[in-house]
Amino acid sequence: MILITGGAGYIGSHTAVELMMAGHEVIIMDNFSNSKPQTLELIRTLAGKNFPFYEADMLDTTALEEIFTRHKIEAVIHFAGFKAVGESVAQPVLYYHNNVAGTINLLQTMSKHGVTQMVFSSSATVYGNPQTVPITEDFPVAAVNPYGSSKLMIEQILNDLYNSDPQWRICILRYFNPIGAHPSGLLGEDPNGIPNNLMPYIVKVASGQLPVLNVFGSDYPTADGTGVRDYIHVVDLSLGHLKALQKISVEPGIHTYNLGTGRGYSVLEVIDAFEAATGQKVPYQIAPRRPGDIAECYADPSKARVEMGWQAARNLTDMCMDAWRFARPAV
Ligand code: WQD
């Protein structure tokens, strides 16, 4: 069985569906800190399969011990963690405690039960502000906020763990900018409150829940002056986890992969693509740069293609259409 920590979350829930559709048996553990209980039923509906669920926190070692005692777990896909950049700057200790200490609890429990296969959810934010683009996995890493530092610390822990015991089989996946939703419209990104990220904000403006999109800066050294990112469809991202699971199931080692499309889009290009794909207007205004933002970031995803046989298949129009369908079910 595959344990999915944070499996009720945005990427975790989509990955749980794809895993079960591919024939895997899964267990989901989530504390609902950034997800909702009703997502579990939607996962069951889409996968056409049931699964054990534990409302549990990585900081609760008793709960972790119970899960590993009750089930024969072959591998863990580890999504659980706080991920809001701004919040991490305001509350760094909360982020290090939850993300890093929580992961240490998980690794200790895995070791105790002889489970040595892990796929870890990392982030392109570990690259900080890259000197050039596209970014390859051997680029220097330099986290620029506590959220990114917590991801980098966990990557370091996983590398040290592997070096101490080559029995471990680990894939570290560095996500670029996941957006979009399951094509059924049943699963998607549903942040509580005012979204920090671009696509959920665009969707709320398009549906009239927010009046206008603020474009954070139009004076970046990019083609149209607005920030460029590598947006990747959440289903493509989920399928990357299946490939990673397959890889560690057949060979030992620790591997790090960029999961991106290899194509960067500016904020204005995303707005245009969303309006063209959905027919919905997105009123916007140019606002000051957001502190901590970088100008340009997109992946060279060739290592994942060569070593895992994975590459993104969905384009920006797909991402916009699916995001809109989730937010605004057919009326
Ligand atoms: C994208 C672009 C903004 C909102 C963050 C985290 C990263 C990952 C993904 C967790 C930028 C611009 C945004 C808005 C805007 N999270 N923007 N108006 O900052 O690239 O990455 O989310 O893993 O770790 O760092 O994503 O969607 O916030 O911003 O103009 O209302 O859209 O300036 O250029 P980001 P984002």
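Please read all numbers here as calculations on a predicted model, not as lab measurements. (Residues numbered from 1 in each chain as written. Predicted model: local features only at pLDDT ≥ 70, side-chain atom pairs only at ≥ 80, totals over all residues. Heavy atoms only, no water.)

J.: Can you help me understand the overall build of the chain in this one?
T.: The secondary structure content of the chain amounts to 11 helices and 14 strands. For 331 residues, the compact-globule estimate of 2.2 N^0.38 gives 20 Å, and the chain sits close to it at 19 Å. With respect to the three principal axes, the spread of C-alpha positions in the chain is 55 × 45 × 40 Å. The proportion of buried residues among the 331 residues of the chain is 55%. Partitioning the contacts of the chain with sequence separation of at least 6, the portion at a separation of at least 24 is 79%. (Helix = DSSP H or I, 4+ residues; strand = E, 2+ residues; numbered from the N terminus. Rg over C-alpha atoms; globule rule 2.2 N^0.38 Å. Buried < 20%, exposed > 50% of the residue type's maximum accessible area, 1.4 Å probe, protein only. Contact = heavy atoms within 4.5 Å.)

J.: Help me out: how do you make sense of the site of the ligand in this one?
T.: Around the ligand lies a shell of 19 residues, among which Y147, L198, N214, R229 and D293 are the nearest. A distance of 2.8 Å separates an oxygen atom of the ligand from a polar atom in the backbone of L198. Between the ligand and the protein, one listed contact pairs an oxygen atom with a side-chain N or O atom of D293 at 2.6 Å. Surface burial for the ligand is 89%, taken as the share of its 680 Å² of free accessible area covered by protein chains. No other element matches the four residues that strand β8 (residues 213-216) contributes to the shell around the ligand. Of the residues in the shell around the ligand, the class split is eight nonpolar, seven polar and four charged. Taken domain by domain, the shell around the ligand gets at least three of its residues from each of domain 1 (2-179 + 231-260 + 299-313) and domain 2 (198-228 + 263-298 + 318-330). (Near = heavy atom within 4 Å. Polar contact = N/O pair within 3.5 Å; in protein donor to acceptor, adjacent residues only side chain to side chain. Areas by Shrake-Rupley, 256 points an atom, 1.4 Å probe, with all protein chains shown as cover. Nonpolar A, V, L, I, M, F, W, Y, C, P; charged D, E, K, R; others polar. Domains from an automatic or database assignment.)

J.: Explain the sheet that holds strand β3 (residues 53-55) to me, please; I cannot follow it from the model alone.
T.: Working definition: the strands of a sheet are paired by backbone hydrogen bonds and lie parallel or antiparallel to each other. Overall, parallel pairing links the seven strands, which are arranged β3-β2-β1-β4-β5-β6-β11 in an open sheet. Each of the sheet's edge strands pairs with one partner strand only, and the pair in question is β3 and β11 (253-259). Put simply, the sheet's adjacent strands are angled 15 degrees from each other on average, direction ignored. The pairing of strand β5 (residues 117-123) with strand β6 (residues 169-175) spans seven bridges and is parallel. The partner of Q117 across the bridge, within β6, is R169. (Pairing = 2+ DSSP bridges. Axes fitted to C-alpha atoms, helices over the stretch in contact; angles between N-to-C directions.)

J.: I would appreciate a short explanation of the state of the cysteines in the present structure.
T.: Defined simply, a disulfide is a covalent bond joining two cysteines at their sulfur atoms. Enumeration over the complete set of coordinates arrives at zero disulfides. With no disulfide partner, C297 has as its closest neighbouring cysteine sulfur the one in C320, 18 Å distant. (Disulfide = S-S within 2.5 Å.)

J.: In this structure, what is going on with the domain arrangement of the chain? I would like to understand it.
T.: Buried accessible area, meaning the area lost when the parts come together, often serves as the stated size of an interface. Each assigned domain of the chain is listed here: domain 1 (2-179 + 231-260 + 299-313) and domain 2 (198-228 + 263-298 + 318-330). Inter-centroid distance (C-alpha atoms) of domain 1 to domain 2 is 26 Å. Contacts between the two partners involve 14 residues from domain 1 and, on the opposite side, 12 residues from domain 2. Three residues, I179, Y231 and H233, lead the burial of domain 1 against domain 2; their summed loss comes to 51% of the area buried on that side. Scanning the region where domain 1 abuts domain 2 turns up zero salt bridges. Linking domain 1 to domain 2 there are two residue pairs in polar contact (both at pLDDT 80 or more). Considering every element that reaches the side of domain 1 that touches domain 2, the biggest residue donor is strand β10 (residues 231-233), with three residues. Of the residues contributing to the side of domain 1 that touches domain 2, the split by class is 10 nonpolar, three polar and one charged. (Buried area = accessible area lost by both parts, 1.4 Å probe. Salt bridge = Lys/Arg side-chain N within 4 Å of Asp/Glu carboxyl O.)

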